[in-house]
Amino acid sequence: MKTDQKGRGAMHLFDIEDVIDEDTFSRGMMYIVEELVTKIQEPNRNHFVIEVEGVEDYTVDVVLDDEQNIVKTFCDCQIPRRSYCEHTAAALIALGEHKKDEDPEMEAAAHPDFETALASLSREELTKLMRGVATEYPEVKQQVLAAFDAPVDPVASARKLVKDYIETYERDGFIAYHDVSAALEGAHMVLEQVEEKAADGEAEQAVQLCLVVLAEVVDMLAYADDSGGEPGLVIHQSLVLIHQAAAVGVTKLSETGKDRVFHILLTEVVKPRYDDMMEWRTSLLQACIYVSDTVERRNRLEAKIKQLLEELPEDSWGAMVYEPLMKKIQLEIIEMYDSEEAVNAYLSENLAYPEFREKAVDRLLDKKEYEEVLEICEKGLQTDTRPNLRRKWNEYKLHVYGQTNNVEKQKALLLELLQDGEDRHYERLKRLYAPEEWQEVMQKILDDFDQNGRPMPAYLTVLTEERLVDRILDYCRQQPRRILKLYPYVAEDYPEAVQDLFAGVIREAAEHSRDRKKYRSVCKHIQELAKACGQSAADELRDELIDVYQRRPAFVDELEKYNMI
């Protein structure tokens, strides 16, 4: 199941370092240092949606209470752990910094309390204000009329509100980019109601309202410009709230209530609107797991998963992608309701899937069963051709060799990875050898590179780490543009050669430049030349280019500005 933390006792946002394990917190900090937390949004009060970049892009939802205690976190990274994932750690750290940057006192002074301001208005003043707002913003008028004419059924009322907004901004069968946000206002209003229902323990109605929003917005994608991503955000928020409500439902609802929630979720799963939306369909299936705590409901869920799998054409792209996702849901059911032995047995039966192989390895590592870890990794290396998977199994092997202090195995594997172009562990490899041994090992590495090809970035890492000036210069002569970055390694020993390489690169760039952006790029290269070889060398080349390109006045203008840089 997706990484989902709740019910762990109150943890304050600023105390996370004391609760999250040290390794996960450190990895979360690396996301902060590398600026991989790219966006923090607050679609509803105290509900934050945080985007984190990693191997893929992940979305983390965080719900706080008014005292900044963490009520709920949810990450879509698909890492099935019982503790916080590194993306959640990064999101919480970033959110803490975001909160610290805010000044509540200044905010309160700049924005008087809305309820206080509203209560101070007379009926006549309030009526006049509402008329003015309704005239300027037709959607406000719609909302007031919807409230006045609201049906008794809150679900029907919610559907009407969402549809009314969408239809208002649909023109000639299409919703333009600049209207999408306004068209979704009704959906946002309903989701605000959902959070209130969930807070009051009304899990069944919360799920029903979420499904109204989900269905209408998914259908809206067929005729709306969603390039801004807001419909996707609303859909994601709806699914998150469905999971939260279903999780609450396990403890708050009667068996009859859980039956109804399970039924409406499973009914929505098979709707044609999700045929091409695999991620959303599987998320709905995952929400069913929370209320599959009886044999009858569990059997129905597993039968539906089996049916969906059987309906996929064999050897199709959909089967390749969809089958592992369905298998993961089956595993989540077993993890939630069955024994540890049942989980291990299911993993063993499905080691052909990389996700299950990785999970099995993690569990074996926790138990320090290193021989079995190595066996699984070797099978993975024999069957997997994708570089990211092969890298993963080798990383696991390295971890085992480190834990078992097998230095020779570490050396052999690290040398093999280096020859394949991997440079991340170069320093680790070097530390495994005594200084007097390293020169001979390094020379053998270079000889192997010369004989069998020079894989990047490993070859360049060896050259720069070892300060092999002659080889670096030779490499730059073969790849002249590399001198723009590598000149600090060779300029002191070979100033004339560096100047010649720079001049050649700059002249070629100038020849192919046709707009101011590229002209400025040439000027930046001249700046680098000044750093590498001195101001006189840079000025000489700039003057040469001014003479050559007199017929490009914009270029000459940029070159003459160079004096002011």
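Our subject in this report is the structure included herewith. (Residues numbered from 1 in each chain as written. Predicted model: local features only at pLDDT ≥ 70, side-chain atom pairs only at ≥ 80, totals over all residues. Heavy atoms only, no water.)

## Some thoughts on the pairing of strand β2 (residues 37-44)
Working note: regular strand, side chains alternate between the two faces of the sheet.
Part 1 of the reasoning: Inspection of the sheet shows β2 paired to strand β3 (residues 47-53) by five bridges, in the antiparallel sense. Among the inter-strand pairings, Val37 is bridged to a residue of β3, identified as Val52. (Pairing = 2+ DSSP bridges. Helix = DSSP H or I, 4+ residues; strand = E, 2+ residues; numbered from the N terminus.)

## What about the nonpolar core?
Part 1 of the reasoning: Ranked by internal contacts, the top residues of the largest apolar core, which has 78 residues, are Ile483 and Phe502.
Part 2 of the reasoning: Top contributing element to this core by residue count: helix α27 (residues 495-511), with nine residues.
Part 3 of the reasoning: With residues up to four places along the chain from it excluded, the contact list for Phe502 reads Ile483, Leu484, Tyr487, His525, Glu528, Leu529 and Ala532.
Part 4 of the reasoning: Leu284, Ile305, Ile329 and Ile333 belong to the second largest nonpolar core, which has 59 residues in total. (Core = buried A, V, L, I, M, F, W, Y, C linked by side-chain atoms within 4.5 Å. Buried < 20%, exposed > 50% of the residue type's maximum accessible area, 1.4 Å probe, protein only. Contact = heavy atoms within 4.5 Å.)

## Examining the pattern of salt bridges
Part 1 of the reasoning: One pass over the structure, following the stated rule, counts 41 salt bridges.
Part 2 of the reasoning: Ionic pairing is found between Lys561 and Asp557, a salt bridge with its closest N-O pair at 3.5 Å. With Lys561 and Asp557 both in helix α30 (residues 553-561) and four residues apart, the pair spans about one turn of that helix.
Part 3 of the reasoning: Each of Glu255, Lys258, Asp259, Asp293 and Arg297 takes part in salt bridges that share partners, so that together they form one network. (Salt bridge = Lys/Arg side-chain N within 4 Å of Asp/Glu carboxyl O.)

## Section: a negative patch on the surface
Part 1 of the reasoning: On the surface, Asp15, Glu17, Asp18, Asp21 and Glu22 cluster together into a patch of negative charge.
Part 2 of the reasoning: Mapped onto the elements, Asp18 comes out in helix α1 (residues 16-19). (Patch = residues over 30% accessible without salt bridge, like charges linked within 9 Å, V, L, I, M, F, W, Y side chains within 5 Å. Areas by Shrake-Rupley, 256 points an atom, 1.4 Å probe, with all protein chains shown as cover. Lys, Arg positive; Asp, Glu negative; His and termini not counted. Charge placed at Lys NZ, Arg CZ, Asp CG, Glu CD.)

## Overview of helix α24 (residues 458-465)
Part 1 of the reasoning: Within α24, seven of the eight residues are buried, which leaves it mostly tucked inside the rest of the structure.
Part 2 of the reasoning: Within α24 the residues assigned to the buried category are Ala458, Tyr459, Leu460, Thr461, Val462, Leu463 and Thr464.
Part 3 of the reasoning: Where α24 terminates, the next one or two residues include Arg467, which has phi positive at roughly 55°.

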